[in-house]
Amino acid sequence: MDKLFSLDERLKMCASLVRKSARLADVGSDHAYLPVWLLKQGKISFAIASDINEKPLGNGRLTAEKYGAENIKLRLGSGLDAIDKSDNITDIVIAGMGGEVISEIILKSPLTRDENLNIILQPMTKSGELISFLYENGFEIYTQRCVISKGKCYTVMAVRYTSQKTEISDIFPYTGKLDLNDEVNLRFINAHIKHLENKSLGDNSLIPLVKKLKNITKNN
Ligand SMILES: C[S@@+](CC[C@H](N)C(=O)[O-])C[C@H]1O[C@@H](n2cnc3c(N)ncnc32)[C@H](O)[C@@H]1O
């Protein structure tokens, strides 16, 4: 059997937020690197690797076979349609998709309205919109970090349903629960500031938001 591969820093960060002995659903798993790695490390007990497309699901099957992963099921389906309540999933990862696709997946499935479920999200785009969506729909971020992987900066958040819709400030979609003393987190927020600053050239109403973000990151 082949020697186990390493995860890249982005997937490693997602893996670090999965709880020990979890029953994991990796939605949009593609090569199934994350669940196979976690199973082979003995960190989790069971995994479903799901994907909306046949080809990536086939990639996942090859990874599971190549590395001899047991207790993994490969399922075809959109979002959480591939997961059943009887699977007793404790942790979900949705990584490597746009923020709006992630929001849609969460919104569509009643399975996500479970206060004991650990939901790990890694949006490739629109993380601000995703954070606003989460708080408008009764979810809360309890851990958020950023990581540099292959030269790019990503954010990863662990979220749970609280049933309380919480109002958030105008800067929160950009700062979330990030520690502002961390260099990598600041790099991520600064990318938001640059983007908003460009948008503010055509939309004056964004100028106060840009100023606030610059103030709290001491980037004047
Ligand atoms: C860029 S890959 C990410 C793979 C892996 N999660 C990662 O982060 O490295 C995105 C995968 O999500 C799948 N996907 C996109 N929309 C989906 C949906 N609504 N439900 C399930 N899978 C989806 C795609 O087919 C693709 O395999």
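To start, this report covers the structure provided alongside it. (Residues numbered from 1 in each chain as written. Predicted model: local features only at pLDDT ≥ 70, side-chain atom pairs only at ≥ 80, totals over all residues. Heavy atoms only, no water.)

1. Brief notes about the pairing of strand β5 (residues 118-123)
Condition: Buried residues are those whose accessible area, probed at 1.4 Å on protein chains only, stays under 20% of the maximum for their type, while exposed residues exceed 50% and partly exposed ones sit between those limits. Only DSSP runs of H or I reaching four residues or more are called helices, and only runs of E reaching two or more are called strands; each is numbered from the N terminus. When DSSP finds at least two bridges between two strands, those strands are taken to pair. Crossovers are marked right-handed if the path from the first strand over the helix to the second runs clockwise, as seen with the strands pointing away from the viewer.
In terms of residue burial, β5 counts as a mostly covered element, since six of its six residues are buried. Neither face of β5 is left uncovered, since the one carrying N118, I120 and Q122 and the one carrying I119, L121 and P123 both have all their residues buried. Sheet topology note: the strand β4 (residues 91-97)/β5 ladder contains six bridges and is parallel. In the strand pairing of β5, A95 is matched with Q122. In this region the chain leaves β4, passes through helix α4 (residues 99-108) and returns to the parallel neighbour β5; the handedness of that crossover is right-handed. As paired strands, β5 and strand β7 (residues 152-161) are joined by three bridges and run antiparallel to one another. Bridge assignment links I119 to a residue of β7, and that residue is V159.

2. What about the sheet that holds strand β3 (residues 72-76)?
Put simply, the rule reads: Only the contacting stretch of a helix is used when fitting its axis, a line to C-alpha atoms as for every element, and angles between N-to-C directions run 0 to 180 degrees.
One open sheet accounts for seven strands, arranged β3-β2-β1-β4-β5-β7-β6; its pairing is mixed. Among the strands making up the open sheet, the edge pair consists of β3 and β6 (139-149). When strand polarity is set aside, the average angle formed by the axes of neighbouring strands in this sheet is 15 degrees. Both strand β1 (residues 23-27) and strand β2 (residues 46-51) contribute to a ladder of five bridges, which runs parallel. Among the inter-strand pairings, R23 is bridged to a residue of β2, identified as F46.

3. A short note on unusual backbone geometry
For D30, which is not glycine, the phi dihedral falls at a positive 55 degrees. If you trace the backbone, D30 turns up in the loop between β1 and α2 (33-40).

4. Some remarks on the layout of surface pockets
As a reminder, the rule being used: In this analysis a 1.4 Å probe is tested at points of a 1 Å grid over the protein atoms alone, and where it fits but cannot get out there is a cavity; an open set with protein on both sides within 12 Å along at least five of seven lines is a pocket; lining residues have an atom within 4 Å of a point. Grid points are joined across faces, edges and corners, and a volume is the space filled by probe spheres set on the points. Ten residues, namely Ala, Val, Leu, Ile, Met, Phe, Trp, Tyr, Cys and Pro, are considered nonpolar, four, namely Asp, Glu, Lys and Arg, are considered charged, and the remaining ones, Gly among them, are considered polar. Throughout the structure description, domain borders are defined by an automatic or database domain assignment.
Here the largest pocket is characterised by a volume of approximately 520 Å³. Taken together, 19 residues form the lining of the largest pocket, with T125, K126, S127, F188 and H192 sitting closest to its centre. Of all the elements in the fold, those that place two or more residues in the lining of the largest pocket are α5 (127-136), β7 and α7 (183-200). The dominant element in the lining of the largest pocket, judged by the number of residues it contributes, is α7, at seven residues. In terms of residue class, the lining of the largest pocket is made up of eight nonpolar, six polar and five charged. The residues that make up the lining of the largest pocket include at least three from each of domain 1 (9-166) and domain 2 (169-220).

5. So, the environment of I141
We apply this condition: Every residue pair with non-hydrogen atoms within 4.5 Å of one another is taken to be in contact.
Along the chain, I141 falls in strand β6. Each C-alpha atom, one on I141 and one on E9, is 21 Å from the other, the two residues being 132 residues apart in sequence. Once residues lying within four places of it in the same chain are set aside, the contact partners of I141 are I131, L134, Y135, M157, A158, V159 and K177.

6. Some details on the pattern of salt bridges
Selection criterion: Whenever a carboxyl oxygen of Asp or Glu lies within 4 Å of a side-chain nitrogen of Lys or Arg, that contact is scored as a salt bridge.
In this structure the tally under the stated criterion is eight salt bridges. When the shortest N-O distance is used, the salt bridge between K150 and D8 registers 3.6 Å. With a gap of 142 residues between them, K150 in the loop between β6 and β7 and D8 in the segment before α1 (9-16) connect regions that are remote in the sequence. With relative accessibility at 75%, the residue K150 sits in the exposed group.

7. Some words on the site of the ligand
Where we set the bar: Note on terminology: near, applied to a residue and a molecule or strand, indicates that one of the residue's heavy atoms is within 4 Å of it. For the accessible areas, the method is Shrake-Rupley and the probe is 1.4 Å, while residue cover comes only from the protein chains on display.
The environment of the ligand is formed by 16 residues, the closest being R10, G28, D51, N53 and G79. Burial of the ligand by the protein amounts to 77% of the accessible area it has alone, namely 600 Å². Counting residues per element, the shell around the ligand draws most heavily on β4, which supplies three residues. For the shell around the ligand, the class distribution of residues is six nonpolar, seven polar and three charged.

8. Regarding helix α3 (residues 54-66)
Rules: Here, expected helix span is obtained from the residue count minus one, scaled by 1.5 Å. This arc corresponds to the set of directions leading from the helix axis out to the C-beta atoms.
Between its first and last C-alpha atoms α3 spans 18 Å; for 13 residues at 1.5 Å apiece the expected length is 18 Å, and the two agree. Residues of α3 that are buried include every one of P56, L57, N59, G60, T63 and A64, and no others. Seen from one end, α3 has its buried residues packed into an arc of 155 degrees, which puts them on one side. What points out from α3, more than 90 degrees from its buried face, is the exposed set E54, K55, L62 and E65. Close packing links the buried residues of α3 with α2, β2 and β3.

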